[in-house]
Amino acid sequence: MTENTQAVESVAALARQGGFRVGAAESLTCGQVAGDLGAGPEASTWFRGALVAYASDVKFDVLGVTPGPVVTRRCAVEMARGAARLLDADAVVATTGVGGPEPEEDQPPGTVFIAAVVRGQETCIGLDLDGEPDEVLRATRAHSLELLHATMRRVVNGDVSAPPRPDTGRDGEPAGSPSPAASR
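Conventions we followed
Residues numbered from 1 in each chain as written. Predicted model: local features only at pLDDT ≥ 70, side-chain atom pairs only at ≥ 80, totals over all residues. Heavy atoms only, no water. Helix = DSSP H or I, 4+ residues; strand = E, 2+ residues; numbered from the N terminus. Expected span 1.5 Å × (residues − 1). Buried < 20%, exposed > 50% of the residue type's maximum accessible area, 1.4 Å probe, protein only. Arc of directions from axis to C-beta. Contact = heavy atoms within 4.5 Å. Pairing = 2+ DSSP bridges. Axes fitted to C-alpha atoms, helices over the stretch in contact; angles between N-to-C directions.

1. Looking at helix α5 (residues 133-157)
Thought 1: For α5, with 25 residues, the first-to-last C-alpha span of 36 Å sits near the 36 Å given by 1.5 Å per residue.
Thought 2: At the exit of α5 stands Gly-158, carrying a positive phi of roughly 75 degrees.

Okay, structure coming up:
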């Protein structure tokens, strides 16, 4: 398995318990979250697959993301929605952001947005991560799996009143609104 074994096992257990069909849409993490999920227990029974949409035009043309900046909450949520539709999945996580080492679209390295769309419930967090590019990717993978699990758990428990964790982003905008920046 991976360094995210415990988180993946938790997602797998909830997927089997709740009958979830799980998927991912990735830009920043470039398929690493899918690799984690695909290595999960009995993944063939609950993991539908993933779409790696690294280039902006792939996000727009394949996932149905609104053209414009792509390091935004809006992009992360729309990536998750698009993957849910294309994969026939009802629990999807999506990642977009700037890994570094250089800024992109006026956003500093470590700017990350992760969205989870689970049976109609949408959650998006913004992160301001420190570290080298590999550290940003490692942290993004871990946060992605945690957000997916937390959102699935909320749906299973019928608790859809509050997000699973507070936003740690720098802009404070609601999920689905564009942020002032963009990139991968």
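2. Some thoughts on helix α1 (residues 5-18)
Thought 1: Over its 14 residues, α1 runs 20 Å from end to end, which matches the ideal 20 Å to within 8%, given 1.5 Å per residue.
Thought 2: Residues of α1 that are buried include every one of Ala-7, Val-8, Val-11, Ala-12, Leu-14 and Ala-15, and no others. All buried residues of α1 project into a common sector of 170 degrees when viewed along the axis, lining one side. Turned more than 90 degrees away from the buried face of α1, the exposed residues are Gln-6 and Gln-17.
Thought 3: Elements that come into contact with the buried residues of α1 comprise β1 (22-26), α2 (32-38) and α5.
Thought 4: Within two residues after α1, Gly-19 carries a phi angle of roughly 65 degrees, on the positive side.

3. Observations concerning the sheet that holds strand β3 (residues 91-97)
Thought 1: Reading across from one edge, β2-β1-β3-β4-β5 is the order of the 5 strands in this open sheet, with mixed pairing throughout. Sheet topology places β2 (47-52) and β5 (121-128) at the edges, where each strand pairs with a single neighbour. Between one strand and the next, the sheet's axes are offset by a mean angle of 10 degrees, whatever the strand orientation.
Thought 2: Note that β1 and β3 share 5 bridges and pair parallel. Bridge assignment links Glu-26 to a residue of β3, and that residue is Thr-95.
Thought 3: Each of β1, β2, β3, β4 (111-118) and β5 touches helix α4 (residues 73-87); the most contacted strand, β3, lies at about 140 degrees to it.
Thought 4: The strands that α5 touches are β1, β3, β4 and β5; relative to β4, the one it contacts most, it runs at about 25 degrees.

These figures capture arrangement, not role.
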